[in-house]
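Working through the structure, step by step
As a plain string of letters, each chain reads:
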Amino acid sequence: MICVSLAAKNTEEAIAALKNQKFAEIRLDGLEVGNTKEVREIVTFARNNNKKLIATCRASQKRNEAKRVELLLEAIASGANYVDVEIETQEEHRKRIVEEAKKKKCQVIVSYHNYEKTPSVQELEKIIETGFVFDADIVKVACKSNSEEDNQRLLNLLKTSGRRLLVIGMGEIGKKTRILGPLMGSEFTFAADEKGGSTAPGQMTVSEMKEIYRKMKIYAPEFRLYGVVGKPISHSKSPKIQNVAINGQRIEGRYVRIASLDEQDALRSAYEIGMSGLNVTSPYKEAIFRETIKKDETSQKTEATNTLKYDHESGKWEGYNTDSYGVEMALKENNVDISGKKAVVIGAGGAAKTAVLALRNRGAKRIIIANRTIEKAREIAQKFNCEFSGILEEELETALEDCKILISCIAAAQRIVPKRLLRKEMVVMDANYSKESPLLSDAKEIGLQIIDAREWLLYQGAKAFEIFTNKKAPVAKMKQELYREEAQNKKDKSIALIGFMGSGKTTVGKLLSKHLKKDLIDLDQKIELKTGKSISEIFERYGEDEFRRIETEELQKALEGDAKVIACGGGAILRRENLEQLEKNAVVIWLFAQPETIIKRTKGNEKRPLLKSKTQKERIERIYSMLEQRIPLYSQCADLVISTERKTVENITKLIADEVGKAREN
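1. Looking at the overall build of the protein chain
- When its secondary structure is counted, the protein chain shows 27 helices and 25 strands.
- For 666 residues, the compact-globule formula gives about 26 Å, and the C-alpha radius of gyration of the protein chain, at 28 Å, lands near that figure.
- Seen along its three principal axes, the alpha-carbon backbone of the protein chain occupies a region of about 90 × 70 × 40 Å.
- Each of the 666 residues in the protein chain was classed as buried or not, and the buried ones make up 57%.
- Between the mean site of the 114 positive side-chain charges and the mean site of the 99 negative ones, the protein chain shows a separation of 2 Å.

2. Quick word on the sheet that holds strand β19 (residues 427-430)
- What the 6 strands build is an open sheet, ordered β17-β16-β15-β18-β19-β20; its pairing is parallel. Looking along the sheet, the strands with just one partner apiece sit at the ends: β17 (387-389) and β20 (449-451). Recorded for the sheet is a direction-independent mean angle of 20° between the axes of neighbouring strands.
- In this structure, strand β18 (residues 405-408) lies alongside β19, joined through 4 bridges in parallel fashion. Bridged to I405 within β19 is V427.

3. Section: the sheet that holds strand β8 (residues 189-192)
- Here 8 strands make up an open sheet; going across it, the order is β7-β6-β5-β4-β3-β2-β1-β8 and the pairing parallel. Looking at which strands have only one partner, the edges of the open sheet turn out to be β7 (165-170) and β8. For this sheet, the mean inter-axis angle between neighbouring strands, taken without regard to orientation, is 25°.
- Where strand β5 (residues 107-114) lies against strand β6 (residues 138-144), 6 bridges are found, and the strand directions are parallel. Residue pairing across strands places V110 opposite V139, the latter belonging to β6.

4. So, the nonpolar core
- One finds L28 and Y213 to be the most contacted residues of the largest nonpolar core, which totals 62 residues.
- The dominant element in this core, judged by the number of residues it contributes, is helix α3 (residues 65-78), at 6 residues.
- Beyond its immediate sequence surroundings of up to four residues, Y213 is in contact with M1, I2, R178, I179, P182, L183, T189, I218 and P221.
- Counting residues in each nonpolar core, the second largest holds 51 residues, with I258, A496, A558 and I623 among its members.

Calculation criteria
- Residues numbered from 1 in each chain as written.
- Predicted model: local features only at pLDDT ≥ 70, side-chain atom pairs only at ≥ 80, totals over all residues.
- Heavy atoms only, no water.
- Helix = DSSP H or I, 4+ residues; strand = E, 2+ residues; numbered from the N terminus.
- Rg over C-alpha atoms; globule rule 2.2 N^0.38 Å.
- Buried < 20%, exposed > 50% of the residue type's maximum accessible area, 1.4 Å probe, protein only.
- Lys, Arg positive; Asp, Glu negative; His and termini not counted.
- Charge placed at Lys NZ, Arg CZ, Asp CG, Glu CD.
- Pairing = 2+ DSSP bridges.
- Axes fitted to C-alpha atoms, helices over the stretch in contact; angles between N-to-C directions.
- Core = buried A, V, L, I, M, F, W, Y, C linked by side-chain atoms within 4.5 Å.
- Contact = heavy atoms within 4.5 Å.

All quantities given are derived from atomic positions and should not be read as evidence of function.
Next comes the structure, spelled out in structure tokens:
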């Protein structure tokens, strides 16, 4: 997310600066010599050392346009990841750069700069449209911010475009956009090299930006975390579709399941972990609606929230409801015309209310809400101007007369509607997708049209993705993944606890193994027994690489045979083969602890080799640096995330046991 802009004067300076960066922009216009050989050496070094690189050559008196084009073409040929071409570039040169970039799979940034002011919304939109007409992969808009209104005008572009944009407000006032832009959907942001100085007005150093992000609970600035909360949550298929969307839109991020004690713990956990967006499922939708301050119109109508976006500027969660949209689109895409017809909704929770609203929006002539607790059905009926009913057989017989669409929003295991009351002209939808309900079994046997509950999940999820990222959801890819059969079954696999040192893996592992009556394997203890040396001694005498090699061997052994509880070392996920083994052969639980908590829990513990003999300040910096590297890896293989803040070991153990138990029932 942070691209470091390098103002190097020669090859040596550029390569020295690149060694310390993962993602950088090389300003070719700043090179004193600036020939193709120099460009080739710099870009080749970046490519060979797995550094993402943007090649930029701004207009200057030092080089004419033909020379600038020559340098950019060399950067493309040598393997740059991105090439930045200014929007004013002559058409013949621009077309040539774009053509060569597409051949080499180098992404094209078409950039517009205004060092005096921020144009009007209409002008900015025209500039963006022009950039994409020029075949840009990303359009960059960098303008001088002279007021807070300018900042908002630039940031609002990210909310309305739905395309890949890079938005920056230059100057002191515009610093806010450099921080908030990527959190609102800007492709990335720019920072100055600590030693090289800034290359644009208002550009902050990497360390300054990271310090700001840390205060915002963003531990890995280049990485976005999203998730889903509910109870239980291990059955949720939202990660399947959301991670496909994240990858499809080239977002550096991951979507995970968060296990929580209640709705307040869910919100606190999401904040502590640094979530940018959150989906909410049963039974939290109505409770979390009451917890959010800013709510969209559908949330207010249904008094239920299923999507939250964290506003990093205000520090508040914004509440949305995409369930109603999901029902509408599921009906539309399955060619179900409800206009002027009768519908019955069973249930009276948040999902039922959104279904009623969707049916109302689609033009249903008559809607009946049926529920066991008649008072709740009456309350919803009054709110949405529809009818209500109980669910006794004789009551349902009356309610279902002439019914054309039946939507069930209750637990899948319950048989509420007798089979004899179903008729062939009905369309049936069940909100629950984790198991086939008796209602769907009966409907299939009779031959009714069934709208798969996954369609509801798909379209509400697509809308949620767009709210999270301000980018268009790749619905076709999401649907393909949703209907793809699971590649593996983890029901009888070991439970692997991962997380940073001090997150409680060993302590939780001991109690969990007793609770589940499974053997416990603590990998660090296994390694110490095998080698006859402490972890610190292994690091000191043989180095970290040798420790990681032994760790991989012991993890593979632990994953063999009967299911166990495995407490992994904090860095076990650093090796690709370990990640692959964990994903394939274990139910992986990521235990999360905030840096401040880690400091307290590891204070005075000299057994931690990576924190050994460091000052308090050095330990904090080291923890943040390691979290930045590891959070993307923890999230990659985690089936479940639990924040260990404010929870007892007993709380955490019960959460894991309950979730694993529910997952194995499905």
